[in-house]
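Inside the fold
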Amino acid sequence: MKNILGLILLALLALPGCGDGPNACNEGNFCEVNESGNAACIDGYEWLNASADDDFRCKEKTYLPVLGDGKNTTTAVQLTVVGTSADGLNVPRDLEFHPNVPGQLWVVNRGDESIVIYSDMGQATQSDQKKKAGFAEAGQHFLAQPAAISFGANGNFSTIHETDQLTQGAATPEDFMGPTMWTSDLAFFNAGHSGHLDMMHNTPLGMGIAWETGNVYWVFDGYHSSITRYDFVDDHGLGGSDHSDGIVSRYVQGNVKRSADIVSHMEIDHATGLLYIADTGNNRIAVLDTKTGTKGSNLTDLNYDCSEYICPDYHYVDGVNFSELISGTDQGMSKPSGLALHGDHVYVSDFATGMIYGFTKEGKLLDWLDTGRPNALSGMDFDSDGSLYVTDKVANEILRIQAL
């Protein structure tokens, strides 16, 4: 009807718009008369009041096509199962594309402490291989109960693990766990001792991990209820054991909270230095400014990586800018878990409900998608084409979500 009115008003008023007054079609209302003589919102805008034939005001579109463009159901997107247990998936908890190998997707399995590596993911030539260390390789330690994976720009990657149980028999204590850094060179990577480049042992219940720079990774430390920065400095080489040069900086202890068996993923916006955190136990998305804070006192709890357990470079960080960005309660979330940054948006999977939410980086809700998979979704990542990949740890599947 607005198209007809546009033609009539254009003819009557001989103006480059429709109507007059505050509701007119004009530049100020982001409305224009197109080549067909119809009133239309400019690109990126939609009608403010679509049912009113005499209101030509437009508002900025807030919907996200990969989440269904405001329709909120899987019928509004193309949802495809692109990975299954037949590929070796066994309680997949996180996934990430290799930054330097197009189409190569790495998935960490909790069920059998392994990694499945897909090549040409989502293409007709898709293939997969599984890496799982045997007992002799002590894979049950280096990749014990993985919760998350994060790649660095150099192609190395790190995993973090949710366990405070014995991982090397009686050889080491129950809490002898932390992040492991690996080579992604498939000629050497085997998910065990000889395929790892470095490891530190100060976070036995790690729930999420995010790469910052070089050999620096941030960890959601569920054991200490903190966000912890791990700098491996120089790796010890494949299969080594010297961890003494590492630096551990513990932030905001007591201000984040783990939910057992539900991952708490994180990602850094490298343009701003802001670390976005799925603070699952507190039902919120929090933000930590990684460029703030000053070195505080040394950590006093036991660690295992330095001579006689004295680590002068293991310390607290004071004066950090840390805040709640999104209240899960206000947005209908219950257990925010997976998190991915893509473009100008923050995507969050709610484990409890199976919803995937899209926000601005300032925390404004733009759109959401009901996948119909409660108590299942965890890790998320985008490919170079803007398709969203999500792990379903219950069905042992990888889902690909694409805009129609």
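Residues numbered from 1 in each chain as written. Predicted model: local features only at pLDDT ≥ 70, side-chain atom pairs only at ≥ 80, totals over all residues. Heavy atoms only, no water.

Right, let's talk about the sheet that holds strand β24 (residues 336-342) for a bit. Read from one edge to the other, the open sheet built from 4 strands follows the order β24-β25-β26-β27, with strand pairing classed as antiparallel. The open sheet terminates on both sides in strands that have one partner only, identified here as β24 and β27 (365-370). Here the average twist between neighbouring strands, direction ignored, is 20 degrees. (Pairing = 2+ DSSP bridges. Helix = DSSP H or I, 4+ residues; strand = E, 2+ residues; numbered from the N terminus. Axes fitted to C-alpha atoms, helices over the stretch in contact; angles between N-to-C directions.)

Where strands meet in a sheet, backbone hydrogen bonds hold them as pairs that are either parallel or antiparallel. Across the sheet, which stays open at both edges, the 6 strands sit in the order β14-β15-β16-β17-β22-β21 with mixed pairing between neighbours. Each edge of the open sheet carries a strand with a single partner, namely β14 (206-213) and β21 (294-298). Neighbouring strand axes in the sheet, compared pairwise and without regard to direction, differ in orientation by 30 degrees on average. Of the pairings in the sheet, the one linking β21 to strand β22 (residues 314-318) comprises 3 bridges and is antiparallel in character. From the neighbouring strand, T294 faces β22, where its bridge partner is D318.

On to the pattern of salt bridges. Should the charged atoms of two oppositely charged side chains come close, the side chains can pair. One pass over the structure, following the stated rule, counts 13 salt bridges. The residue E162 makes a salt bridge to R258 at a minimum N-O spacing of 2.9 Å. Of this pair, E162 sits in the loop between β11 (157-161) and β12 (180-182) while R258 sits in the loop between β17 (247-251) and β18 (266-269), and the two are 96 residues apart along the sequence. Residue classification places E162 among the buried residues on the basis of a relative accessible area of 3%. (Salt bridge = Lys/Arg side-chain N within 4 Å of Asp/Glu carboxyl O. Buried < 20%, exposed > 50% of the residue type's maximum accessible area, 1.4 Å probe, protein only.)

It is worth spelling out the layout of surface pockets at this point. Looking at the largest pocket, its volume works out to about 800 Å³. Of all the secondary structure elements, the ones that give two or more residues to the lining of the largest pocket are β6 (92-97), β10 (146-151), β14, β18, β24 and β28 (377-382). Taken together, the residues of the lining of the largest pocket break down into 20 nonpolar, 11 polar and 9 charged. (1 Å grid on protein atoms, 1.4 Å probe; cavity = no way out; pocket = protein on both sides within 12 Å on 5 of 7 lines; lining within 4 Å. Points joined across faces, edges and corners; volume = space filled by probe spheres on them. Nonpolar A, V, L, I, M, F, W, Y, C, P; charged D, E, K, R; others polar.)

Turning our eyes to something else, we now look at unusual backbone geometry. One non-glycine residue, V233, adopts positive backbone phi at about 60 degrees. When you line up the elements, V233 lands in the loop between β16 (226-231) and β17. Of note in the backbone geometry, D261 takes a positive phi value of approximately 70 degrees without being a glycine. Assignment of secondary structure puts D261 in the loop between β17 and β18.

Turning to the state of the cysteines, a few remarks are in order. Defined simply, a disulfide is a covalent bond joining two cysteines at their sulfur atoms. All chains considered together, the criterion is met by 2 disulfides. Here C25 engages in a disulfide with C31; their sulfurs sit 2.0 Å apart. On the sign convention where negative is left-handed, the bridge of C25 and C31, at about -90 degrees about the S-S bond, is left-handed. Residue classification places C25 among the buried positions, given a relative accessible area of 3%. For C31, a relative accessible area of 5% puts it in the buried group. Paired by a disulfide, C41 and C58 hold their sulfur atoms 2.1 Å apart. Its torsion about the S-S bond being -90 degrees, the disulfide of C41 and C58 is classed as left-handed. Here C41, found in strand β2 (residues 39-41), pairs with C58, found in strand β4 (residues 58-60); they are 17 residues apart in sequence, far enough to count as distant. (Disulfide = S-S within 2.5 Å.)

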